[in-house]
Amino acid sequence: MEEDDDGGYADMFAQAAMEEEAEEATAVDLEALPEHEEEPPISIADIRLNSEDIDPDLVATVSAMGSTEGTNYVKGPECAICIGDLIKFLRLENKKTCEVRRQLAKIKVMEKDLLPILTTYYDDSTILESMMKLMVNLTMPVLLCFEKEESTKKDSLRQKLYLEVNNYLREYKHHFVHFEAMKVFSSQLGNLLQMGKSNRSDDDDLMLERILITIRNLLHVPSDSSEENDLQNSLTTHDRLVLSMADFGVTDLLFYLCGNKEEEQHCLLALETISLIFRDFEPSVLAQANTGQDQQKIDRELEELKKKEDLKRQQRKTAKSTRHSRFGGTFVVQGKKSITEKDLIYHKNIKKIKDLSFDDEKQIRRHTGYHSIAEDKTQTRYSTPKTRAALKDLAIKFLDVCYNPLMKKTKSLLCRGQGSADCDETFYLWACSFFMEFNRVHDFKLDVVAETLSIDSFSYILQITFKFHEEIKGFNAKLIHLKILFAKRLHNAVRSYREMLENLNIMLVSRDEKIKGIANVIQNNIFYQQEYRELPTMLLKQFERRVFTRTYLTDLVECAHLYIRMLDAYTRDNTLIVQETKKVKKKGGGKKKKKRKNLLSEDEMKEMWEGDIEGEVTKMLVAGNISTRNVSPFDASLDYSMEQQRILCKHNIQDLLKSGSFDEAVALFKAAQEVWPSSPSFGMPDMSIIDEVNVVKGIFLSREEIPDFMTGGDDGGAASHHAEEAGEFPQEMHQVKESRFQNNDYLMLYARPAIVKCYCYLLETFETNAPTTNHAVVKMLYRLASKLAMAPLMFQISFFVTVRKILAAPRVDSYKDLRKFAAFIARRFVTSLQETPMICIDTLFWKTTDDVLAIDAGYDQDKIPGKKQSVEWTPAEESEVRTLFEKWVDKAQAVDICDMIAQDMTTSTDKLRMDVKKKILELNLVGAENGDILKKKPKSKVDWLPDERSALRSLYEEFQYEKDPVALIQEKLDTKSRQKIIKELESMLGVRKADLNPERCIWTKDEDEELKILYEHKSETHSGEGLLEVIQDKISKSRTVQEIKDALVRLKLRRDESSSEHFWTKSDLAVVEKHQGLLSKKEMVLQIRQDLPDVDYSSIIQQLIRMGVMTTIQGAEILIQCSDLELEEEEEEEEEEEEEEEHDLFDIPSHVRGLELDHSVALRWLTRLCQDAVENRENMVDYDTVFLVPKCEEHHEALRDGTFKDLLKCLGAVPPLSAYETFWKITSDISDNVLRKGLSLLKGEDGGDSTDLDDVDVSSYNRPIQEEEEEEGDIDDFFAKLRNQKPTDNEAEVFVARAGGKSRDTESRGGKSRDTGSRDQSDSSDKENEVSVISKTKRTLDDSDSDDDMGMVSQTKKKRTAIIAFSDSD
């Protein structure tokens, strides 16, 4: 061994001597050069590595590692140290040139030294550890070797270095396969994984990670294009590496690593390695390997290509022949002068003068920047049948062994933000799309991909998609490279979502009812939520040619087609209720204040405190029932210190006290005591009531200057933050509601120029598109053109070019639908062109839906549906506008002229304020000097003052018998319009609008008196139409029956049949006059309501206002007070109804026992939903309906069970309506008390198993009592156990018979009647059991002789008291 070492060193020294001689010779030659011939400086890009350029220290280090003797490699004594020196060389190298990396590759250190050492001395832990560090560095991807990726792409000189290092990495990959390094990696990985996570040290974990990184780096090396294009080559380097990993068991160890729960930290790296193994392979190609379908697919494609070529060849033959192509000559173009006076000479034969062009030989300028198109650099690899079969087996094994656990762990890590890189989500999305497609094409099995076929997975994919979408929107045009990067990640998300929809579609047509039920649940969720429905349109609108590839657009279009097809299939037989979210801007009442000022003086503040504030605050502090649950004095989202937020809290308390919100102010004060317990500003939490009142007083009277950060300036935003919460600024809120899904409304989302442009752009390459892609594009465009009648959306020149290409394409079966659609669009365009010739101009632009409607209407604005028709004015209307303008122009400062004219117009009632304003301007009634009089005036909050109302009442009594009383009243009240007067008369006096019409039948005052007398005398003997006929005969002036009827209604003697208001009869009015003398108006309303129970409070108060007994403001205050009393009465009625509903709750335990065996999962689901409903009611004042949405097939089966439906009815749940609803729901009509009791019964707290009462061991409760709290807890447990032992039906009857002294027949809970004889036979045994338990209970209670025990028992609930009283009486 020593001789070998000596010989190795001898060779090393000899080689060093030869290199020194070469250097000396080189130096002599350089000195012999002439002085005038100086070489130019060598740039970085001109570096060429020769044997003379390699660093001697690097050569010496490599030589000291060892040497090859025969077929064996012998390491040097300092081998491990030399490997460490190489790592230092690499760490210190220039990142712009990577000279050390290139020199090591030039001397072939990987082939001659490193791999032989690795495969020979892998048992040496020191050498192996250093070697793996070096391998990780040498196999690093070329993008990470250089300093910047962008510089290598822009600089052509540095690009050479980039490609050189890339070629060296390909050589390394080839050498790893040749030396069978995977065998070493397999043994080392096996040993490390066999040790287990708990037994491995930190160095072992690092070794495991380095091996995985090295394998990852080797697989990441791009393949050589010459190998990919060489059809004669059987296997590429990448294929050999993958097969080597499979042969030596590395892939099996990777699968074990992915499926092991303990190896969570390495799962992301393992997933990336697996993605590189299947890189550039189509899952459908691998799934059809060795099945015959692969060859059939290739044969079909070749046959299709052959047909197209034959048709093209035939078309060329049938085309009109031209002159021989070899004919040459020189031609003269007559009539066109050259640069001289002679005719132009042209060297080509042309048929038409328009074909003359000198631009044929010019080079086309390349489009850059915005006009560039993103290139799709991905290539589909087919490789050899052997490789495809091996990869197919690996994919099947991966699905069976570790797909579900790996995807679960990866998703968990990504959700917690523990990914090692930003691109980890990309590998998750790739695995989801690749293996789900492989499983679908090969042999669909739900169990192997169940982890990514769930509602949570759909939601997670949607979340990632929105994340990438927002990232792309956030980059400006200069960061185009970042947009392209995230566009690739978004493409993976779209492919995953599309593949999940494909798998879901297969599940929906499955013969297994369980699988179909799971699919229905997922489908209902993705149809119900608005985000899923609008995802395709959102991404299509964002499409840019220079950012997204055509492949991305293809996947997105096919995804949208699949989603719409599933929607159509579902809505064909079902009614779909969907969720819609709309953005609503909530506007506040005021503008943002720049600075907050305390306008009240100190004396005024003291008066306010001594007025109402002190008493209310003291009352609330004494009551003590102050909830600080929803109050937070400290806001962590604000960038202020604790001291600043303390000052802010004090001022908030002060504002709340000033505004009268005493409960909020006291709650905020109590919460501030908990946040700042040691601050003197809020006192101590355990201080007395008097001290707390004094502290609040000090806060209220505080004159502390408001700091700058609360002024809303640049220094802070606390004021604006709280102002937004108070509603002072416009807020964007989301309003969520449910509605019935309409297919046409959803398709209208696709009828947008940006989306139609994407579809037309994708159809331009119909010759190279897949048949499924062409079908998806044509189907969507046909829906828009036919179903929505939006064919003009496609009337665009660029799309007509595609139509011409389609019609001229070979007539093959794959183009059949394309030809039909192209002919359809061409015919529609020709038809529209004949009707509207101006449409030719619109073909230059993409059109919106408004443009389509205009084209269909022939550009006639009056015929466009939905457009406001032009207002036509008659001469009479224009004359009336002139007259009314002259009437109101003098009062322009007080009233809105346009509004008054629109209301006072009698010749037309459909004119709006804006129409009147336009007509005034057209008539030139205002000039430039008084144009401001047409501006809209702010409306007053109070339209009628009390004096004006009294004046209106007297004026109506004066002019009510005139022809036009409103006009006469308006002359007196010159600031009120006609419409306002009529409206006020209707509300105040109950006058009908028909009684104010100038064209009505006019009665005099004497005629009204005569009619009243006749009605009083004749109504005693006649009624109905007979009464009206009698009055008609007796009245002095001839009147029709209808005129008499209208007059009686006007005089309040007859009920208006067209009105729903209460008709006040004489007896009703007498009751009102009877109580009119009461001092309190509220008592008067209550007494009238008591005597007239059929009349509501609103009608009573409205009548009293008409009679002038009270004002409108007084009536509003009394109505609020009476409404509170009415609410209290309704609450009492609801409590009575709740007591009745509680009787249904007693059936819940029996239903639960009957369902525990078959539907335990559904019971837990129902309990959880009820618990959520109870928590929502505790946390929110306004709670919404809780829908019982089934999540799995067990839930659906339970909802089809009759017993489970009975259980839901006992809880008060409402079944779905057949036409509009799908799910059961817990509405807000169910009271909180009933819902809580139902939840406790579901949990088994008030009802448990049907164990006999004798089986209860009550002896354990018979023990000495230590403390009052322990005794109360024991009694609570005792009665809880008694309640849990629910008696049978016979025992319940015995209890009823003994307590009431009667026996009656009862029916069982299940609906079947029990036999009376069998019940009587069991009475005796049940009675003995009952007496035994009651006696035990009595003895247990009697053991406690103290008075505290009896007091404690008396404090128990009513149910407990009932049991104790019953046992004593027994």
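The model shown is predicted, which means the values in this text are computed figures rather than measured ones.

Take the overall build of the protein chain next. A count of helices and strands for the protein chain gives 60 helices and 8 strands. Burial status across the protein chain gives 41% buried among its 1370 residues.

Before going further, it helps to spend a moment on empty space enclosed by the protein. Scanning the model with the defined rule gives 5 cavities of 30 Å³ or more in all. Estimated volume of the largest cavity: approximately 80 Å³. If you trace the largest cavity, you find it lined by Tyr956, Gln960, Tyr961, Asp995, Arg1000, Cys1001, Ile1002, Trp1003 and Arg1050. Its residues placed into classes, the lining of the largest cavity shows 5 nonpolar, 1 polar and 3 charged.

Next up on the list: unusual backbone geometry. Here Glu180, not a glycine, exhibits a phi torsion of approximately 55°, which is positive. Among the secondary structure elements, Glu180 is positioned in the loop between α9 (156-178) and α10 (181-195). Phi is positive for Ala789, which is not a glycine, with a value near 60°. With respect to the secondary-structure elements, Ala789 resides in the loop between α33 (771-787) and α34 (797-808). A relative accessible area of 41% places Ala789 in the partly exposed class.

The full count for this structure, using the stated rule, is 21 salt bridges. Here Arg498 makes a salt bridge to Asp555, at a shortest N to O gap of 2.8 Å. In this pair, Arg498 is assigned in helix α22 (residues 480-508) and Asp555 in helix α25 (residues 550-571), connecting sequence segments 57 residues apart. Asp555 sits in the buried class, given a relative accessible area of 7%.

To continue, consider the packing of aromatic side chains. Counted according to the given criterion, the structure contains 31 aromatic pairs. An angle of 45° between the planes, with centres 5.6 Å apart, marks the rings of Phe475 and Phe486 as tilted. Here Phe475 is found in the loop between α21 (455-474) and α22, whereas its partner Phe486 is found in helix α22, with 11 residues between them in sequence. Of the residues examined, Phe486 reaches a relative accessible area of 13% and is grouped as buried. The ring of Trp873 is capped by Lys911, whose NZ or CZ atom sits 5.1 Å from the centre of that ring. If you follow Arg1039 out to its NZ or CZ, it ends over the ring of Trp1003, 4.3 Å from the centre.

As a further point, take the nonpolar core. Core analysis: the biggest nonpolar cluster contains 190 residues, and Leu118, Phe278, Phe435, Phe458, Tyr750, Tyr759 and Met794 have the highest contact counts within it. Broken down by element, the residue count for this core peaks at 12 residues, all from α25. Ranked by size, the runner-up nonpolar core spans 29 residues in total, among them Ala1162, Leu1211, Ile1226 and Leu1235.

A word on helix α23 (residues 513-528). Residues three or four positions apart in an α-helix share a direction because the helix packs 3.6 residues into each turn. For α23, with 16 residues, the first-to-last C-alpha span of 22 Å sits near the 22 Å given by 1.5 Å per residue. Of the residues making up α23, those classed as buried are Ile515, Gly517, Ala519, Val521, Ile522, Gln523, Asn524, Asn525, Ile526 and Phe527. Its side-chain oxygen placed 3.1 Å from the backbone nitrogen of Lys514, Asp512 serves as the N-cap of α23.

Turning to a negative patch on the surface, a few remarks are in order. Taken together, the side chains of Glu602, Asp603, Glu604, Glu607, Glu610 and Glu614 make up a negatively charged region of the molecular surface. The class for Glu604 is partly exposed, based on a relative accessible area of 37%.

Bringing the confidence of the model for the protein chain into the picture now. Per-residue pLDDT for the protein chain has a mean of 75; in total, 72% of the residues score no lower than 70. Within the protein chain, helix α32 (residues 753-763) carries the highest mean pLDDT (95), whereas helix α60 (residues 1358-1369) carries the lowest (30). A low-confidence stretch, residues 587-598 (pLDDT under 50), is modelled with 27 contacts involving residues beyond four sequence positions or located in other chains. Considering only residues more than four positions removed or in separate chains, one finds that residues 1247-1370, a stretch of pLDDT under 50, has 107 contacts.

This brings us to the pairing of strand β1 (residues 66-69). Here 4 bridges tie β1 to strand β2 (residues 72-75), and the two strands are oriented antiparallel to one another. Across the sheet, the residue bridging to Ser67 is Val74, located in β2. In this antiparallel pair of consecutive strands, β1 and β2, the connection spans 2 residues, and Gly70 shows a positive phi of 75°.

Locating Thr236 in the fold gives a position in the loop between α12 (225-229) and α13 (237-247). Overall, Thr236 belongs to the buried group, its relative accessible area being 7%. A distance of 3.0 Å separates a polar atom in the side chain of Thr236 from a polar atom in the side chain of Asp239.

Tracing the backbone through its elements, the reader meets Phe185 in helix α10. Residue classification places Phe185 among the buried residues on the basis of a relative accessible area of 1%. Through-space distance from the C-alpha of Phe185 to that of Thr214 is 9.6 Å; in sequence the pair is 29 residues apart.

Relative orientation and spacing of two packed helices are given, respectively, by the angle between their axes and the distance between those axes. Here α13 crosses helix α18 (residues 385-401) at 45°, and the two axes come no closer than 11 Å. Here α13 lies oblique to α18, going by the angle between them. Between α13 and α18 lies a crossing of left-handed hand. Between α13, through Asp239, Val242, Leu243 and Ala246, and α18, the contact on the second element is made entirely by Lys386, Thr387, Ala390, Leu391 and Leu394.

Our next topic: the packing of helix α24 (residues 530-541) against α25. Relative orientation of the contacting elements α24 and α25 amounts to 150°, with a least axis distance of 10 Å. As the angle between them shows, α24 and α25 are arranged roughly antiparallel. For the element pair α24 and α25, the recorded crossing hand is left-handed. Residue-level inspection shows Tyr532, Arg533, Pro536, Leu539 and Leu540 of α24 in contact with α25, the latter providing Tyr552, Leu553, Leu556, Val557, Ala560 and Tyr563. Of the residues assigned to the contact of α24 with α25, the class counts are 10 nonpolar, no polar and 1 charged.

Looking now at helix α2 (residues 56-65). Leu58, Val59, Thr61, Val62, Ala64 and Met65 are the residues of α2 that are buried. Between the side-chain oxygen of the N-cap and the backbone nitrogen of Asp57 there are 3.2 Å, and the N-cap of α2 in question is Asp55. Positive backbone phi, approximately 150°, marks Gly66, located one or two places after α2.

Turning our attention to the environment of Ala785. Mapped onto the elements of the fold, Ala785 is located in helix α33. Through-space distance from the C-alpha of Ala785 to that of Phe821 is 9.8 Å; in sequence the pair is 36 residues apart. Setting aside residues no more than four positions away along its own chain, Ala785 makes contact with Met790, Ala791, Met794, Phe824, Ile825 and Arg828.

In this fold, Val136 is placed in helix α6 (residues 125-138). Sequence spacing of Val136 and Ile215 is 79 residues, and the spatial spacing of their C-alpha atoms is 9.0 Å. In this structure, Val136 is in contact with Arg210, Ile213, Thr214 and Asn217, ignoring residues within four places of it in sequence.

Looking now at the side chain of Asn492. Secondary-structure assignment places Asn492 in helix α22. If sequence neighbours within four positions are ignored, Asn492 has contacts with Thr426 and Leu429.

A contiguous nonpolar surface patch, about 650 Å² in accessible area, is contributed by Ile797, Val801, Met838, Ile841, Leu844, Phe845 and Tyr859. If you trace the backbone, Tyr859 turns up in the loop between α37 (849-856) and α38 (875-888).

Calculation rules
Per-chain numbering applies: the sequence of each chain, read as written, is numbered from 1 onward. A pLDDT threshold of at least 70 governs which residues receive local features in this predicted model, and a stricter bar of 80 or more applies before side-chain atom pairs are shown or counted, although totals over entire chains, interfaces and linings include all residues. Excluding hydrogens and water, the side-chain figures rest on all heavy atoms present in the structure. A run of H or I in DSSP counts as a helix once it spans at least four residues, and a run of E counts as a strand once it spans at least two, with each numbered from the N terminus. Burial here depends on accessible area, computed with a 1.4 Å probe over protein chains only, as a share of the maximum for the residue type. Under 20% is buried, over 50% is exposed, and the range in between is partly exposed. In this analysis, the protein atoms alone were mapped onto a 1 Å grid. Cavities are point sets where a 1.4 Å probe fits without being able to get out; pockets are open sets with protein on both sides within 12 Å along at least five of seven lines; lining residues have an atom within 4 Å of a point. Grid points are joined across faces, edges and corners, and a volume is the space filled by probe spheres set on the points. Gly falls in the polar group here, along with every residue not listed as nonpolar (Ala, Val, Leu, Ile, Met, Phe, Trp, Tyr, Cys, Pro) or charged (Asp, Glu, Lys, Arg). What makes a salt bridge here is a side-chain nitrogen of Lys or Arg within 4 Å of a carboxyl oxygen of Asp or Glu, nothing more. What counts as a ring pair is set by centres within 6.5 Å for rings of Phe, Tyr and Trp (its six-membered ring), and what kind of pair is set by the plane angle: stacked under 30 degrees, edge-to-face over 60, tilted for all other angles. Whether a charge sits over a ring depends on NZ of Lys or CZ of Arg being within 6 Å of the ring centre and within 35 degrees of the ring normal. Here, the term nonpolar core denotes a set of buried Ala, Val, Leu, Ile, Met, Phe, Trp, Tyr and Cys residues that are joined through side-chain atoms within 4.5 Å. Expected span, for any helix, means 1.5 Å times one less than how many residues it has. Here a polar contact is recorded for every N or O atom pair within 3.5 Å, except that within protein the pair must consist of a potential hydrogen donor and a potential acceptor, and residues adjacent in sequence are included only if both atoms are side-chain atoms. Surface patches are defined over residues having more than 30% relative accessible area and no salt bridge, joining like charges when they lie within 9 Å and nonpolar side chains (Val, Leu, Ile, Met, Phe, Trp, Tyr) when within 5 Å. The Shrake-Rupley method, run with a 1.4 Å probe, gives the accessible areas here. Residue values count only the displayed protein chains as cover. Lys and Arg are tallied as positive, Asp and Glu as negative. Neither His nor the chain termini are counted. Taken as the charge location is NZ of Lys, CZ of Arg, CG of Asp or CD of Glu. Think of pLDDT as the predictor's per-residue confidence, scored from 0 to 100. In what follows, a contact means two residues having at least one pair of non-hydrogen atoms within 4.5 Å. Whether two strands pair depends on DSSP finding at least two bridges between them. Every axis corresponds to a line fitted to the C-alpha atoms, with the helix fit spanning only the stretch in contact, and the corresponding angles, defined between N-to-C directions, vary from 0 to 180 degrees. When an angle is under 35 degrees it counts as roughly parallel; over 145 it counts as roughly antiparallel; between 65 and 115 it counts as roughly perpendicular; any other value is oblique. Left-handed describes a crossing in which the near helix is turned anticlockwise from the far one by less than a right angle; the clockwise case is right-handed.

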